[in-house]
Amino acid sequence: MNTTPEVAAEVLKTFLETPFRSPCPASGSNPWPDEIDQFLENSVTEMSKIGTLVPESENGGKGESGNCNLCSLVKDREFKPVEIMPGGSMTIVRESPTSAFVKFTAGSVEPAHHHTFGHDLVVLKGSKKVWNLSKGKKYDLGVGDYLFTPAGDVHRVKYLEDTEFFLKWEGQWDLTFDEDHAAANAAIDKEKGS
């Protein structure tokens, strides 16, 4: 309300013409450290490799997932079964905000449920189908796909193959079921028959 159209146009022009790369005014016109420069240079191409298997011959003997930094974090971690979700297991990486790696075996189903927190996920391996019942939407997710589910949204999940994903949420873990496994499987079978 206090910015004239001329000043706003100048601010926008300056913003659009300022290079994101260093040196730039944001870095005090100094070059960024090598690790930041390399991160910005490589992060987009590395994100596209999440979950892909790279032969040892192509990555200096680091193993099949050696080129994927996110996948390397999960390697050799101990997964604990999620008792209320048969076929699922999880390893917590960080608490509050919480992040975890989660695995489900092919054919597993998460009955309709909701949380008091929203959560982000990125599929690292496999594929899954998510029904956001609150919004009436379906998502087919595969390697590299991202999905945000808002707090309170009721959702059901079917794992089409052995699947691993990275999950992040704010606060303490909670889960409220809105149906049981039998009802979830019946709803999925009914949709298949339609």
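Conventions adopted
- Residues numbered from 1 in each chain as written.
- Predicted model: local features only at pLDDT ≥ 70, side-chain atom pairs only at ≥ 80, totals over all residues.
- Heavy atoms only, no water.
- Helix = DSSP H or I, 4+ residues; strand = E, 2+ residues; numbered from the N terminus.
- Expected span 1.5 Å × (residues − 1).
- Polar contact = N/O pair within 3.5 Å; in protein donor to acceptor, adjacent residues only side chain to side chain.
- Buried < 20%, exposed > 50% of the residue type's maximum accessible area, 1.4 Å probe, protein only.
- Pairing = 2+ DSSP bridges.
- Core = buried A, V, L, I, M, F, W, Y, C linked by side-chain atoms within 4.5 Å.
- Contact = heavy atoms within 4.5 Å.
- Phe/Tyr/Trp six-rings, centres within 6.5 Å; stacked < 30°, edge-to-face > 60°.
- Lys NZ or Arg CZ within 6 Å of the ring centre and 35° of its normal.
- pLDDT = per-residue confidence, 0-100.
- Salt bridge = Lys/Arg side-chain N within 4 Å of Asp/Glu carboxyl O.
- Axes fitted to C-alpha atoms, helices over the stretch in contact; angles between N-to-C directions.

Novice: Just checking my understanding: could you explain helix H4 (residues 181-193) for this structure?
Specialist: Working note: α-helix, 3.6 residues per turn, so residues spaced by three or four point in the same direction. Given a rise of 1.5 Å per residue, 13 residues ought to cover 18 Å, and the 18 Å separating the end C-alpha atoms of H4 matches this to within 8%. For H4, the side-chain oxygen to backbone nitrogen distance between the N-cap and Ala182 is 3.2 Å, and the N-cap itself is Asp180.

Novice: What is the right way to read the pairing of strand E6 (residues 128-132) from this model?
Specialist: Within a regular strand, the side chains alternate between the two sheet faces. Here E6 lies mainly inside the structure; 5 of its 5 residues are buried. Neither face of E6 is open: one carries Lys128, Val130 and Asn132, the other Lys129 and Trp131, and all of them are buried. Across 5 bridges, E6 lies against strand E7 (residues 137-141) in antiparallel orientation. Along E7, the bridge assignment pairs Asn132 with Lys137. Linking two consecutive strands that pair antiparallel, namely E6 and E7, is a turn of 4 residues; a positive phi of about 65° is found at Gly136 within it. Across 5 bridges, the pairing between E6 and strand E9 (residues 155-159) is antiparallel. The residue of E9 that forms the bridge with Asn132 is His155.

Novice: Even after reading the chapter, I still don't get the nonpolar core, so can you show me in this structure?
Specialist: Within soluble globular proteins, side chains that are nonpolar generally end up buried alongside one another. Formed by 17 residues in total, the largest nonpolar core has its most connected members in Val102, Phe104, Leu121, Leu141, Phe165 and Leu167. Residue assignment for this core shows that the elements contributing at least two residues are strand E3 (98-104), strand E5 (119-125), E9 and strand E10 (163-169). Non-local contacts of Leu141, meaning those with residues more than four positions away in its chain, are made with Leu121, Val123, Gly126, Ser127, Lys128, Val130 and Leu147.

Novice: Sorry if this is basic, but what is going on with the packing of aromatic side chains here?
Specialist: Any aromatic ring pair is given by two values, namely how distant the centres are and how the planes are angled relative to each other. Scanning all chains against the criterion turns up 5 aromatic pairs. Taking the centre distance of 5.7 Å and the plane angle of 25° together, the rings of Phe117 and Trp169 count as stacked. Of this pair, Phe117 sits in the loop between strand E4 (109-114) and E5 while Trp169 is found in strand E10, placing the two residues 52 residues apart along the sequence. In terms of burial, Phe117 and Trp169 fall into one category: buried. Here the aromatic rings of Tyr159 and Phe165 are separated by 6.2 Å at their centres, their planes lie at 5°, and the arrangement is stacked. Across this residue pair, the class does not change: Tyr159 and Phe165 are buried. An aromatic cluster of at least three residues, connected via ring pairs, comprises Phe104, Tyr159 and Phe165. Seen from the ring of Phe79, Lys103 lies directly overhead, with NZ or CZ sitting 4.2 Å from the centre.

Novice: Is there a simple way to think about the confidence of the model for the protein chain in this case?
Specialist: Caution is warranted with low-pLDDT regions, since their predicted coordinates should not be read in detail. Here the protein chain shows a mean pLDDT of 82. Residues at 70 or above account for 76%. Note on residues 62-67: pLDDT under 50 across the span, and 17 contacts to partners over four residues away in sequence or across chains.

Novice: How should the pattern of salt bridges be read in this particular structure?
Specialist: Any two side chains of opposite charge can pair, so long as their charged atoms come close to each other. Evaluated as defined, the whole model comprises 8 salt bridges. The residue Asp140 makes a salt bridge to Lys129 at a minimum N-O spacing of 3.0 Å. Within this pair, whereas Asp140 is found in strand E7, its partner Lys129 is found in strand E6, the two being separated by 11 residues in sequence. Note on Lys129: relative accessible area 18%, which makes it buried. Between Glu191 and Lys138 there is a salt bridge, with the nearest N and O atoms lying 3.3 Å from each other. Separated by 53 residues along the polypeptide, Glu191 in helix H4 and Lys138 in strand E7 bring together distant segments of the chain.

Novice: Looking at this structure, I do not really get the sheet that holds E3. What am I missing?
Specialist: Two pairing modes exist for strands in a sheet, parallel and antiparallel, and in both the strands are linked by backbone hydrogen bonds. Reading across from one edge, E1-E2-E3-E10-E5-E8 is the order of the 6 strands in this open sheet, with antiparallel pairing throughout. The open sheet terminates on both sides in strands that have one partner only, identified here as strand E1 (80-81) and strand E8 (146-149). In this sheet, E10 lies alongside E5 in antiparallel orientation, the contact comprising 6 bridges. When the bridges of E10 are listed, Asp120 appears paired with Lys168.

Novice: Teacher, can you tell me more about the sheet that holds E6 here?
Specialist: Judged by pairing direction, the sheet is antiparallel, and its 5 strands sit side by side in the order E7-E6-E9-E4-E11 without closing on themselves. Two strands in the sheet have a free side with no partner beyond their single neighbour: E7 and strand E11 (176-177). This element, H4, spans E4, E6, E7 and E9 of the sheet and lies at about 110° to E4.

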